[in-house]
Amino acid sequence: MVGPPGSGKGTQAAMLSERLGLPHVASGDLFRSHIRRGTPLGTKAARYIERGVLVPDELVLGLIEDRLTDPDAAQGVILDGFPRTRPQAEALDALLERTGGRVAGALFVDVDRESLLRRLAGRRICSATEDHVYHDISRPPRVAGRCDIDGAELYQRDDDNPETVRTRLDQQLPPMYEVVDYYTDRGVLTAVDGDRSVAEVNDALLHAIAQHST
Ligand code: AP5
């Protein structure tokens, strides 16, 4: 899944994961887990994430390679937020070549800047699992501040403050478009209009996946 910050990659990847029975592997979630556990990798990554800039490729690649060698990834995964630079995309292809895999499809969720700002400003996340994502206006929980699924407290991400959001959009979109070009050149990219309801975007993604599988 490729897309700007706040485009709905995480929301959609969680739905696809459940529907397709494949693990949802999100580089941002993996980093935040390291930060919460206070690991050396988490300490290094936090310095970049809190400023809204990309974590250096060498820190990202080891993290993803480790996750892809977990037994549950053997049948494939839904990658969310990785690769985010052209060197990451090239490194992923090299890794998959060694392990006999391939990128079956790249799904680009495209959303305009104004919607991204609104989505990130109102996002609330479950403190028990990051796959449960809400929005103050478009997807409010039934009980304010509590996850509908497990009742855990909802929180706002530190990097969702307006200043860091602006940096994330300004700094991270140019390399993202290089990834879009990379997969377009390889004939595996499908762009989906993400400025629609969650259900409509999900239908479009499932349709694209069905086409990639044929
Ligand atoms: P990461 O956690 O990957 O953040 P991101 O890419 O900025 O994406 P988000 O998680 O913010 O948004 P999303 O697209 O998943 O949207 P969501 O579904 O939540 O990365 C964080 C940081 O880690 C980066 O800034 C970077 O520093 C570092 N990092 C991570 N990976 C890296 C890499 N590979 N290389 C280098 N650095 C890396 O939805 C957003 C909101 O919108 C929610 O409230 C949701 O309810 C709502 N919403 C979703 N869909 C819709 C819809 N269709 N209509 C209305 N509202 C919707």
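The structure under discussion appears in the preceding block.
Notes on the structure follow. Keep in mind the model is a prediction, meaning the values are calculated, not measured. (Residues numbered from 1 in each chain as written. Predicted model: local features only at pLDDT ≥ 70, side-chain atom pairs only at ≥ 80, totals over all residues. Heavy atoms only, no water.)

## Regarding the pattern of salt bridges
Inspection of every chain in the model, using the stated rule, returns 15 salt bridges. For Asp29, the salt bridge identified is with Arg32, shortest N-O distance 2.9 Å. Of the two residues, Asp29 and Arg32 are both situated in helix α2 (residues 27-37); the distance of three residues between them amounts to about one turn of the helix. The network of salt bridges with shared partners includes Arg123, Arg157, Asp159, Asp160 and Arg168. (Salt bridge = Lys/Arg side-chain N within 4 Å of Asp/Glu carboxyl O. Helix = DSSP H or I, 4+ residues; strand = E, 2+ residues; numbered from the N terminus.)

## Quick look at the site of the ligand
Close to the ligand lie 35 residues, the nearest being Thr11, Ser27, Arg84, Arg123 and Arg168. Take Lys9: an N or O atom from its main chain is 3.0 Å from an oxygen atom of the ligand. Relative to its unbound accessible area of 1000 Å², the ligand is 95% covered by the protein chains. Applying the majority rule of atoms within 2 Å of the grid points places the ligand in the largest pocket. For the shell around the ligand, the secondary structure elements donating two or more residues are α1 (9-20), α2, α6 (113-122), β5 (133-135) and α7 (162-185). (Near = heavy atom within 4 Å. Polar contact = N/O pair within 3.5 Å; in protein donor to acceptor, adjacent residues only side chain to side chain. Areas by Shrake-Rupley, 256 points an atom, 1.4 Å probe, with all protein chains shown as cover. 1 Å grid on protein atoms, 1.4 Å probe; cavity = no way out; pocket = protein on both sides within 12 Å on 5 of 7 lines; lining within 4 Å. Sits in = over half its atoms within 2 Å of the grid points.)

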